[in-house]
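Spelled out, the chains give:
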Amino acid sequence: MATKLPESAFDDRLAAVRDRLAATDADAATWVGATAIEYLTGFHHIQTERPVVLAVTDDRVEITVPRLEVERVEPNPRIDAVHHYFDYPGGEPVSVAVEMLDGLGADAVAADADGPPGVMGYEGPAFSESLDVETQSWVDRMRWAKSDAEVDLIRESAKWANLGHRYLADYSEPGAHPATVSQRASTDASRAMLDALGDNYAVRVRGDGPVHAGYISGEETALPHGHTPNERLAEGDVLVTGATANVDGYRSELERTMFVGDYDDEQEHYFELMLEAQTLAIDALGPGVPVAEVDRVVREYFEEQGVTDLAQHHVGHNIGLGAHEPPYIDRGWGERYDGDDAVMAPGHVYTIEPGLYTDEYGYRHSDTVAITESGTERLTNYPRDIDSNVV
């Protein structure tokens, strides 16, 4: 049972970016992306109008944060010094970050961006107004392949997502409201997870539980990113579900197409087409397989069945600290990347979710599948067949 990333993982990651830094003319590497900062140091924060800037040199790790984050970041054993500004816009985050870099003797930096992102109204100067800047995407690329420890966390996430989904199915019935079913399933699965893990659970949520399970229903399912409708379930409804769990920041993805009561012949037809497409995609996965090829396999099947006009998105995506991460299982991937970057590798963890969307309903399963040295491992294990998905 894996519940937290080992400390050694951060040492390895910092060593890896230091190796990349040594191959440049930069004096320091900087990151402003919240996920990259978390990946390198374990310090997780909400990206707002208050920028955070991480700096790494060959022997130091320092960070600039807003005043309200100081107590949260100071205990971090991987960060040697914490600099802060009071708030934004009263404070000057980039100026403080530049002073931090000046103290590190850094006139030139390799940065993930030329300044903090403009989110929630933040507007600030670029680093290049004060420093020589070259851009890098080292952490983004490192995150493509997960370590065994990271896969263990995603596997643990999948276990609790499966439980959340089971509650979701158990609580769904004609007359129930999708919102309250989702809340009940999420709460009960979260309670079970927290009771089972106890002090081993690494706190990662604010005001809710670690498991989320919910669905869209009725006509909203015809929209891949539909909303939960304000209408109670009725016999004949189609549901497209989703369940996940947060385990030290890592997530899995489990989705199913379900039916309230009996399904009709048309619903069964599209369900079975979707299920076969997902099966073909899962069977096509493996180390060394071109990422684009898996999407092409599904596309060819949909063409044979005459339903390409009902497909609205690619087959899937990598998942980990982010809900969506590259590589993306898209037939255009090979046009953008070549060599090792164009193929699946051990440590990649993909959602496999080809979908079909008619004017009335949508049909999509999603399973989380890890690429291994010898093949694949499906981490989510909720039943996929039609009769197991009737509530």
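Model, not experiment: these values are computed from the prediction. (Residues numbered from 1 in each chain as written. Predicted model: local features only at pLDDT ≥ 70, side-chain atom pairs only at ≥ 80, totals over all residues. Heavy atoms only, no water.)

1. Structural notes on the domain arrangement of the protein chain
So, step 1. Under the domain assignment, the protein chain is made up of domain 1 (7-142) and domain 2 (148-388).
So, step 2. When each unit is reduced to the centre of its C-alpha atoms, the spacing between domain 1 and domain 2 is 34 Å.
So, step 3. Counting from both sides, the interface comprises 7 residues of domain 1 and, opposite them, 8 residues of domain 2.
So, step 4. For the pairing of domain 1 and domain 2, the buried interface totals around 630 Å² over both sides, and the portion due to carbon and sulfur atoms is 45%.
So, step 5. On the domain 1 side of the contact with domain 2, E38, H44 and R141 bury the most area, a combined 47% of that side's loss.
So, step 6. Inspection of the region where domain 1 meets domain 2 yields 3 salt bridges.
So, step 7. In this structure, R141 engages D341 in a salt bridge whose closest nitrogen and oxygen atoms are separated by 2.6 Å.
So, step 8. It is helix α2 (residues 34-41) that provides the largest number of residues to the side of domain 1 that touches domain 2, a total of 3 residues.
So, step 9. Here the residues of the side of domain 1 that touches domain 2 sort into 2 nonpolar, 2 polar and 3 charged. (Domains from an automatic or database assignment. Contact = heavy atoms within 4.5 Å. Buried area = accessible area lost by both parts, 1.4 Å probe. Salt bridge = Lys/Arg side-chain N within 4 Å of Asp/Glu carboxyl O. Helix = DSSP H or I, 4+ residues; strand = E, 2+ residues; numbered from the N terminus. Nonpolar A, V, L, I, M, F, W, Y, C, P; charged D, E, K, R; others polar.)

2. So, unusual backbone geometry
So, step 1. A cis amide bond links Y88 to the next residue, P89, at an omega of 15°.
So, step 2. Its place among the elements puts P89 in the loop between β4 (81-85) and α4 (93-103).
So, step 3. In the segment running from P326 into P327, the intervening peptide bond is cis, with an omega of 0°.
So, step 4. As for its placement among the helices and strands, P327 is situated in strand β11 (residues 325-329).
So, step 5. Despite not being glycine, M120 shows a phi value in the positive range, around 55°.
So, step 6. Of note, M120 is situated in the loop between β5 (108-111) and β6 (132-135).
So, step 7. Unlike most non-glycine residues, D248 shows phi in positive territory, near 50°.
So, step 8. Inspection of the secondary structure assignment puts D248 in the loop between β8 (238-245) and β9 (257-259).

3. Notes on helix α8 (residues 265-284)
Helical periodicity: at 3.6 residues per turn, an α-helix aligns residues three or four positions apart in one direction.
So, step 1. Along its 20 residues, α8 runs 29 Å from first to last C-alpha, staying within 8% of the 28 Å computed at 1.5 Å per residue.
So, step 2. Among the residues of α8, those classed as buried are Q267, Y270, F271, L273, M274, L275, A277, Q278, A281 and I282.
So, step 3. Where α8 begins, the side chain of D264 points an oxygen toward the backbone nitrogen of E266, at a separation of 3.1 Å. (Expected span 1.5 Å × (residues − 1). Buried < 20%, exposed > 50% of the residue type's maximum accessible area, 1.4 Å probe, protein only. Polar contact = N/O pair within 3.5 Å; in protein donor to acceptor, adjacent residues only side chain to side chain.)

4. Comments concerning the sheet that holds β9
So, step 1. Reading across the sheet, the 3 strands line up as β7-β8-β9 and stay open at both edges, with antiparallel pairing between neighbours. A strand with exactly one partner marks an edge of an open sheet, and here the two such strands are β7 (211-217) and β9. On average, each strand axis in the sheet is tilted by 30° relative to the strand beside it, whichever way the strands run.
So, step 2. Where β8 and β9 come together, 3 bridges link them in antiparallel fashion. Across the sheet, L239 pairs through a bridge with M258, a residue of β9. (Pairing = 2+ DSSP bridges. Axes fitted to C-alpha atoms, helices over the stretch in contact; angles between N-to-C directions.)

5. With respect to the pattern of salt bridges
So, step 1. Inspection of the entire model under this criterion finds 25 salt bridges.
So, step 2. Across the pair E293 and R296 runs a salt bridge, and its minimum N-O distance is 3.3 Å. In this pair, E293 and R296 are both assigned in helix α9 (residues 291-305), 3 residues apart and thus about one turn of the helix distant.
So, step 3. Here R296 falls in the partly exposed class, since its relative accessible area comes to 33%.
So, step 4. Bridged by salt links that share partners, the residues R256, D367, R378 and R384 form one connected network.

6. Re the UniProt feature "domain: Peptidase M24" (unreviewed entry) in the protein chain
So, step 1. What UniProt calls "domain: Peptidase M24" (unreviewed entry) maps, in this numbering, to residues 153-373.
So, step 2. Annotation note: span residues 153-373, helix share 35%, strand share 19%, distance between end C-alpha atoms 18 Å. (UniProt positions renumbered as here; feature names shortened; annotations may be inferred.)

7. Topic: the nonpolar core
What tends to happen in soluble globular proteins is that the nonpolar side chains get buried as a cluster.
So, step 1. Core analysis: the biggest nonpolar cluster contains 46 residues, and V17, W31, L40, L54, I63 and M193 have the highest contact counts within it.
So, step 2. Looking at this core, the element that brings in the most residues is helix α1 (residues 7-22), giving 6 residues.
So, step 3. Mapped onto the domain boundaries, this core takes at least three residues apiece from domain 1 (7-142) and domain 2 (148-388).
So, step 4. With near-sequence residues (within four places) excluded, V17 lies in contact with W31, L40, V56, W138, V139 and M142. (Core = buried A, V, L, I, M, F, W, Y, C linked by side-chain atoms within 4.5 Å.)

8. Let's talk about empty space enclosed by the protein
So, step 1. Per the stated rule, a full pass over the model turns up 1 cavity of 30 Å³ or more.
So, step 2. Around the largest cavity, the lining residues are L5, F10, R13, E38, Y39, G42, R204, D248, Y250 and L321.
So, step 3. Looking at the lining of the largest cavity, the elements that each hand over two or more residues are α1 and α2.
So, step 4. Taken together, the residues of the lining of the largest cavity break down into 5 nonpolar, 1 polar and 4 charged.
So, step 5. Split by domain, the lining of the largest cavity shows at least three residues from each of two domains, domain 1 (7-142) and domain 2 (148-388). (1 Å grid on protein atoms, 1.4 Å probe; cavity = no way out; pocket = protein on both sides within 12 Å on 5 of 7 lines; lining within 4 Å. Points joined across faces, edges and corners; volume = space filled by probe spheres on them.)

9. So, the packing of helix α6 (residues 148-171) against helix α7 (residues 178-197)
So, step 1. The N-to-C vectors of α6 and α7 enclose an angle of 140°; their axes lie 8 Å apart at closest approach. Relative to α7, α6 is oriented oblique. Considering the relative orientation of α6 and α7, their crossing is right-handed. Residues E156, W160, L163, G164, Y167, L168 and Y171 of α6 touch α7, and the partners they reach there are V181, S182, R184, A185, D188, A189, A192, M193, A196 and L197.
So, step 2. Its residues placed into classes, the contact of α6 with α7 shows 12 nonpolar, 2 polar and 3 charged. (Parallel < 35°, antiparallel > 145°, perpendicular 65-115°, else oblique. Left-handed = near helix turned anticlockwise from the far one by under 90°.)

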